[in-house]
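Analysis of the macromolecular model
Each chain is listed here by its residues.
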2 protein chains.
Amino acid sequence: MSTPASQPVGLICGGGALPFAAADALIARGVQPVLMALNGFADAQRVAHYRHHWVAIGQFGRNVSLLRNEGCREVVFIGSLVRPSLKDVRFDLKTLFVLPKIIAAFRGGDDHLLTHIARIFEDEGFVMRGLHEIVPEFLLPQGHLTNIAPDESACADIAKGLAALASMAPHDIGQAVVVIDRNIVAVEGIEGTDAMLARVANLRKEGRLRSQTGRGVLVKAPKTQQDLRFDMPSLGPRTIEHVAQAGLVGLAAIAGHTLLVESQTTIALADRARLFFEGVDAVALSSTNPS
Amino acid sequence: MSTPASQPVGLICGGGALPFAAADALIARGVQPVLMALNGFADAQRVAHYRHHWVAIGQFGRNVSLLRNEGCREVVFIGSLVRPSLKDVRFDLKTLFVLPKIIAAFRGGDDHLLTHIARIFEDEGFVMRGLHEIVPEFLLPQGHLTNIAPDESACADIAKGLAALASMAPHDIGQAVVVIDRNIVAVEGIEGTDAMLARVANLRKEGRLRSQTGRGVLVKAPKTQQDLRFDMPSLGPRTIEHVAQAGLVGLAAIAGHTLLVESQTTIALADRARLFFEGVDAVALSSTNPS
């Protein structure tokens, strides 16, 4: 959190608009971002507007010396390489970051790959930050974000979802569930939130979901042992589209522990789709009685 | 369980081979089955070999009087209308069993619809049985069912799956998970086990699953509050095909609490696919430490 204005921050940039949103936010605060743009992922046109270097995934040495030359001590992984489909990334990174210690880390399971990669950066003297640390304004705020607030039934669905996620968290199971009329209809595995919502939309099309559209919620929460620096739950415009297509009435996520990408667009989309969007107090998750 | 040989048993028959397997098993034991064959579901050619009546879904009155005339006191719902895709059934039944008390029951959520329908039969003096009560030989036995037994890694995956299912059970969440190298990759929602396994096969095709094929297990267990008479986890040849297609190394389910449909075919298929198939002691589930 201590980001002296004199020290530039290194952003290792994947695809999407998020790196530029983060860079703009840093600049607005008087912090110089240095984009390490990943070949094949980062948007070249937009990268050109910022102080940047092009690097390939796996060019660990080049990354390190460029970041050092730029005087960056704090470094962030950012962009669609790591978010929202973290698993894809890990696959790509694995093939190129072939350092023996990463390979060894892999053997133990693949849940904490970026944590291991981060450790290698840290061994070189860098401080790895989460996006939420350098741009806290990207965090989901608490309360009703939309014109519509959840009604009593939706609140009960949210509570049911939070309770279920709380009991699953120790097992490192998915970050999200869909709850309709107190029934847990879908649980997120490694497929991701959007794929889970698409599944619900399909079940509805096939007549497997008897409830009317306009019922049920998406509930999202971080897993207990999640390293929020690299795998924070994130929501954005696409989530809203999927929630609407799944025929749900709204969504809820943990305030302060969820990245809200393109917050204005996202909330406007939710309002237009007549969905509610709720930032839930983190205490609600930890105080949830798992039965 | 008390099935006096003198009293015939009513089988309300949906599709698939299961009703006939059950009828044969009853006959072998000297019990007369009476098939109430559901129009559009039961296999007419095979029905013809048994004492039977054709009924339409929703002909509750006709069902009751026929069963009474036949002297059946014990009645079982059986066949692919209710299993394996229970949700489909409920949908169909809902449209036709329009009795107000069922409609009322529906309002409270749809998890126990068959329990409510059963109650209506019970109000008429019938005793509703589960398939496991009238043909206990259809229950999954305990131990190694296949030539291959789970290795240490697979046993750890089974334990992880059982622990996760145990913590989810109070929330009435899916009956199954896929665990690969201690990671829970997929959780069953209302889509059913086969659809979940198809999802895992897809994730593998898309490169989202980095583990080699021939790793990981399907773990299946009944939910805590499940009425085993109407919604017992069931496994059969199709499950094995899906497990193989998902690139897993085997499957485990709770002995005595899982229906094993066409057991010889199923086990032979598993052997041919070089999968293990494990009947787990129910104690393993209840003694599982959910963290």
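Our subject is the structure listed above.
In this report, the structure presented in the accompanying data block is examined.

Basis of the calculations
Throughout this document, residue positions are counted from 1 along each chain, in the order its sequence is written. As they are written, the chains are lettered A onward and the ligands numbered 1 onward, keeping that order. For a predicted model such as this one, the threshold for reporting local features is a pLDDT of at least 70, and the threshold for listing and counting side-chain atom pairs is 80 or more; totals across whole chains, interfaces and linings nevertheless cover every residue. Hydrogens and water molecules were not included; the side-chain quantities draw on all heavy atoms of the structure. Put simply, DSSP H or I for four residues or longer makes a helix, DSSP E for two residues or longer makes a strand, and each gets a number counted from the N terminus. To sort residues, take the accessible area from a 1.4 Å probe on protein chains only and compare it with the maximum for the residue type: under 20% means buried, over 50% means exposed, and anything in between is partly exposed. Under the convention used here, a 1.4 Å probe and the Shrake-Rupley method define accessible areas, while residue burial counts only the protein chains that appear. A residue counts as positive if it is Lys or Arg and as negative if it is Asp or Glu; His and the chain ends are not included. Within this document, salt bridges are pairs made up of a side-chain nitrogen of Lys or Arg and a carboxyl oxygen of Asp or Glu, the two lying within 4 Å of each other. Contact between two residues is taken to exist if any of their heavy atoms lie within 4.5 Å; hydrogens are not considered. Only strands that DSSP links by at least two bridges are regarded as paired with each other. To obtain each axis, a line is fitted to C-alpha atoms, and for helices this fit is confined to the stretch in contact; angles are then taken between N-to-C directions over 0 to 180 degrees. Each pair of aromatic rings taken from Phe, Tyr and Trp, with Trp reduced to its six-membered ring, is defined by centres within 6.5 Å and is described as stacked if the planes are under 30 degrees apart, edge-to-face if over 60, and tilted in the remaining cases.

It is worth spelling out the overall build of chain A at this point. The helix and strand inventory of chain A stands at 12 helices and 13 strands. Of all 291 residues assigned to chain A, the portion counted as buried reaches 58%. By element, 51% of the accessible surface of chain A is carried by carbon and sulfur atoms, the whole surface being about 11500 Å².

All names here are of chain A. With respect to the helices and strands, the residue Arg204 is situated in helix H9 (residues 193–205). This buried residue, Arg204, is left without a salt bridge; Asp181 holds the nearest opposite charge, at 8.3 Å. Ignoring sequence-local partners within four residues, the contact set of Arg204 consists of Ile180, Leu209, Ser211, Gln212, Thr213, Arg215, Ala246, Gly247 and Leu248.

Next up on the list: the sheet that holds strand S8 (residues 183–187) of chain A. All names here are of chain A. On the basis of which strands lie adjacent, the open sheet formed by six strands has the order S6-S13-S11-S9-S7-S8 and mixed pairing. On the outer flanks of this sheet lie strand S6 (143–144) and S8, each paired with one strand and no other. Pairing of S6 with strand S13 (residues 276–280), which is carried by two bridges, proceeds in the antiparallel orientation. Looking at S13, one finds that Gly143 is bridged to Gly279. Contacts between helix H8 (residues 152–168) and the sheet are confined to strand S7 (176–180), S8, strand S9 (217–220), strand S11 (250–254) and S13, with S9 contributing the most and set at about 35° to the helix.

All names here are of chain B. Counted according to the given criterion, the structure contains six aromatic pairs over all chains. Arranged with centres 5.9 Å apart and planes meeting at 80°, the rings of Phe77 and Phe121 form a pair that is edge-to-face. Within this pair, whereas Phe77 is found in strand S4 (residues 74–78), its partner Phe121 is found in helix H6 (residues 113–123), the two being separated by 44 residues in sequence. Taken as a pair, Phe77 and Phe121 share a single burial class, namely buried. Here the aromatic rings of Phe121 and Phe126 are separated by 6.1 Å at their centres, their planes lie at 65°, and the arrangement is edge-to-face.

The subject of this paragraph is the pairing of S8(A). All names here are of chain A. Within S8, five of the five residues are buried, which leaves the element mostly enclosed by the surrounding structure. Here S7 pairs with S8 via four bridges, running antiparallel. Bridging from a neighbouring strand, Val177 pairs with Val187 of S8. Hairpin geometry of S7 and S8 is characterised by an intervening segment of two residues between the two adjacent antiparallel strands and by a positive phi of about 50° at Asp181.

We now examine the environment of Pro150(A). Residue and element names in this part refer to chain A. Tracing the sequence through the fold places Pro150 in the loop between S6 and H8. Separated by 67 residues in sequence, Pro150 and Val217 have C-alpha atoms that sit 9.3 Å apart. Here Pro150 is in contact with His144, Cys155, Ile158, Phe276 and Glu278, once residues within four sequence places are set aside.

Using the criterion set out here, one finds 20 salt bridges over all chains in the structure. Note that Asp181(A) is salt-bridged to Arg215(A), the shortest N-O span being 2.6 Å. Of this pair, Asp181(A) sits in the loop between S7 and S8 while Arg215(A) sits in the loop between H9 and S9, and the two are 34 residues apart along the sequence. On the accessibility criterion, Arg215(A) (27% relative accessible area) is partly exposed. Residue Arg199(A) pairs with Glu191(A) through a salt bridge whose shortest N-O separation is 2.9 Å. Taking relative accessible area as the criterion, Arg199(A) reaches 11% and is therefore assigned buried. Connected through salt bridges with shared partners, the residues Glu191(A), Arg199(A), Glu191(B) and Arg199(B) form a single ionic network.

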